[in-house]
Amino acid sequence: MTAHVRRKTIIAFLGPAVAALVLVGIAPLLYAVWKSLHNFNLTKQAQSRFVWFDNYATVLTDPVFWQAMGRTATLFLISVPIQIALGLLIAIVLHRPGLTFFKTLTRLSLVLPMATTYAVVGLLAQVMLNQKYGVVNQMLGWIGIDPINFIGDPTNAFIAVIIWDIWQWTPFVALVLLAGLSTVPPEIEEAATLETKSQWLVLRYVQLPFLIPSLVAVLILRTADTLKLFDMPFTMTRGGPGSATEFIAVLIERVGNRQFDIGMASAQAIIMLAITIFLARLYIRFFYREVN
Amino acid sequence: MAAPVQRRALWAEGLLLLAIALFCIFPFYWMVTTSLKTQVVALESPPVWTFTPTLANYWEVLFEDKVGASLINSIIVAVCTTTLAVVLGTPAAYALARFEFRGKQDLWFWFITNRFVSPVVLAFPVFLISRELGLRDTHLALILMYLTFTLPIVIWICTDQFRSIPRELDEAALLEGASQWRIFRSICLPLAMPGVAVSSILSFIFSWNELLFAYILAPKAAKTAPAMAITFMEGYDVPYGKIMATSTLIVIPVLIFALIASKHLVRGLTMGAVK
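Digging into helix H6 (residues 119-132) of chain B
Stage number 1. Taking 1.5 Å of rise per residue, 14 residues should cover 20 Å, and H6(B) covers 20 Å from first to last C-alpha, within 8% of that figure.
Stage number 2. Taken from the residues just after H6(B), Gly134(B) is the one with a positive phi, measuring 70°.

Here we look at empty space enclosed by the protein
To locate leftover empty space, one rolls a probe as large as a water molecule over the atoms.
Stage number 1. According to the stated counting rule, one finds two cavities of 30 Å³ or more in the structure shown.
Stage number 2. Of the voids in this model, the largest cavity is the one considered here, and its volume is about 670 Å³.
Stage number 3. Counting residues per element, the ones that place at least two in the lining of the largest cavity are helix H7 (154-181), helix H9 (199-228) and helix H10 (231-237) of chain A together with H6, helix H7 (139-163), helix H10 (193-209), helix H11 (212-217) and helix H14 (262-269) of chain B.
Stage number 4. Classifying every residue of the lining of the largest cavity by side-chain character gives 20 nonpolar, seven polar and seven charged.

A short note on the packing of aromatic side chains
We describe a pair of aromatic rings using the distance from one ring centre to the other and the angle between the two ring planes.
Stage number 1. The full count for this structure, using the stated rule, is 35 aromatic pairs over all chains.
Stage number 2. Judged by centre distance (5.6 Å) and plane angle (35°), the rings of Trp34(A) and Phe50(A) are tilted. A residue pair is termed long-range when its members are at least 10 positions apart, and Trp34(A) in helix H1 (residues 7-36) and Phe50(A) in strand S2 (residues 49-50) qualify at 16 residues.
Stage number 3. Given a relative accessible area of 45%, Trp34(A) falls into the partly exposed group.
Stage number 4. Ring plane angle 90° and centroid distance 5.5 Å describe the contact between Trp169(A) and Phe172(A), whose orientation is recorded as edge-to-face. Here Phe172(A) and Trp169(A) lie together in helix H7, a separation of three residues that amounts to about one turn. Summarising the burial analysis for this pair, Trp169(A) and Phe172(A) share the class buried.
Stage number 5. A network of ring pairs unites the aromatic residues Phe13(A), Tyr94(B), Phe99(B), Phe162(B), Trp181(B) and Phe184(B) as a single cluster.
Stage number 6. Its guanidinium or amino end placed over the ring of Tyr205(A), Arg204(A) lies 4.9 Å from that ring's centre, counting from NZ or CZ.

Looking at the interface of chain A and chain B
Stage number 1. Opposite the 91 residues of chain A that make contact, chain B presents 96 residues.
Stage number 2. Of the charged contacts in the structure, one is a salt bridge between Lys103(A) and Glu13(B), with a shortest N-O distance of 2.6 Å.
Stage number 3. Inspection of the chain A/chain B interface yields nine residue pairs in polar contact (both at pLDDT 80 or more).
Stage number 4. For the side of chain A that touches chain B, a count of residues per class yields 65 nonpolar, 16 polar and 10 charged.

Overview of the pattern of salt bridges
Stage number 1. Evaluation of the coordinates by the stated rule reveals 10 salt bridges over all chains.
Stage number 2. Residue Arg96(A) pairs with Glu13(B) through a salt bridge whose shortest N-O separation is 3.1 Å. Here the residue Arg96(A) occupies a position in the loop between helix H3 (63-95) and helix H4 (100-115), and Glu13(B) occupies one in helix H1 (residues 2-35), the pair thus bridging two chains.
Stage number 3. Take Glu13(B): its relative accessible area is 7%, and that puts it in the buried class.
Stage number 4. Across the salt bridge formed by Asp170(B) and Arg98(B), the nearest N and O atoms sit 2.7 Å from each other. Of this pair, Asp170(B) sits in helix H8 (residues 167-175) while Arg98(B) sits in helix H4 (residues 67-98), and the two are 72 residues apart along the sequence.
Stage number 5. Residue Arg98(B) is classed as buried on the basis of its relative accessible area of 5%.
Stage number 6. Look at the salt bridges and you will find they share partners, linking Arg96(A), Lys103(A) and Glu13(B) into a network.

Definitions and cut-offs
- Residues numbered from 1 in each chain as written.
- Chains lettered and ligands numbered in written order.
- Predicted model: local features only at pLDDT ≥ 70, side-chain atom pairs only at ≥ 80, totals over all residues.
- Heavy atoms only, no water.
- Helix = DSSP H or I, 4+ residues; strand = E, 2+ residues; numbered from the N terminus.
- Expected span 1.5 Å × (residues − 1).
- 1 Å grid on protein atoms, 1.4 Å probe; cavity = no way out; pocket = protein on both sides within 12 Å on 5 of 7 lines; lining within 4 Å.
- Points joined across faces, edges and corners; volume = space filled by probe spheres on them.
- Nonpolar A, V, L, I, M, F, W, Y, C, P; charged D, E, K, R; others polar.
- Phe/Tyr/Trp six-rings, centres within 6.5 Å; stacked < 30°, edge-to-face > 60°.
- Buried < 20%, exposed > 50% of the residue type's maximum accessible area, 1.4 Å probe, protein only.
- Lys NZ or Arg CZ within 6 Å of the ring centre and 35° of its normal.
- Contact = heavy atoms within 4.5 Å.
- Salt bridge = Lys/Arg side-chain N within 4 Å of Asp/Glu carboxyl O.
- Polar contact = N/O pair within 3.5 Å; in protein donor to acceptor, adjacent residues only side chain to side chain.

Structure (structure tokens):
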């Protein structure tokens, strides 16, 4: 069927894009690997030397690195289940027939948080969560809760990051799951609703199998994006107070950009990338086997 | 008996929808109203909900604090990288949709992995390289680096689009003696315009929002708007109104684009995993 296309033609069509991605994606990555094998600090460039895997050994035994990883994992383990639970609820409500106009409006408003510039989310968080002038504390006051020092207290700052992560990404999860729900054949769904009144049974035995691909997509992307998470905590707290919100990407930025230790930062970044790819493949293997 | 119950359920559902929408929109409402407050009003405790609005903050940030210049930088970078991604990406997408060749799957997988690479991995090597080449603090450095996410988006969405165009069109043109390039250029590309438009909007949004590359690679002359916005937090006296005015200026264009492409935003964020 397919036309016989000469090799030259294929190269002409694909070449420029591939060359561009090699230039901006692969070349810097290789350079990062090379630098990660060096003791390389911007302020002491003369002392730069090849040290084999010393940086990796240092990073892998560095409690600061693992604490940042632990923080990132904690954020993921708290906020993603909440995002999935709330997102599923929203998706189910939007999936029900009726109130079409209001549902369209709700869907449009769901699009806004995830498009918002992540840095602006951090700024908004600062303004809205301020202990004295913040509107969130005013609202908490209406239901009798004393003002909370969100930004200045380590635990509260962490909670603040979780809250804003949930605000920004629950809509995303909801819309992905909604797309998944729409793949359930309507006749099967109708037949099931006639059989039982329990929304839970329909969800568990009829809709869930169709939701697995969406859930896998959510898990993979939320994992990758949580590991990438930089803009929002950086803007809101600069990783502080202390290192309470120093997630892995924030830590790497600090080591490379504020301590100028590019060799070490590169080693950290490469390890993070390896973990990301490992997790993505694990999800695919684990969950897709369940479906098939 | 059934009717009142159903009506009550409908009310409950309506209220739930309203709550969801309010939860999403309220921060924007607060952002815009704060941007219209003077510093004195913004620092009222507890915060006030009614006040006399002023545009002074916008005036100040745009013309005194160089936010205007940074917005222009953002526009230049986002428009150029999007254009470049479309120019490079549409032929590649066409090839992936139409041609069979060895290693196609691997190429796909490689494109997908770009979605997982954190900018923090690439930022430092690129910082060193751009310093060597004299590209630090230029639009070009950002335009090129943003290709790491804009190009895959264009390729994904346009490949889908090209696949949906009937092959008979190509084959008919091929019999007429048209070259592959001509078929792509004159027949398929015009038909794929919806995909090109969607992927352009998404590329624009993602480039516009980017902070890490901008923060590390463009500290002064080429500084983009998000990088400019965060500098306001560095002083002792935090100018709330000005920060929110800058935020509003940054966010309004992406929100408009996001609403235009609302059906496709999720598709872009999941890189085609969800239709």
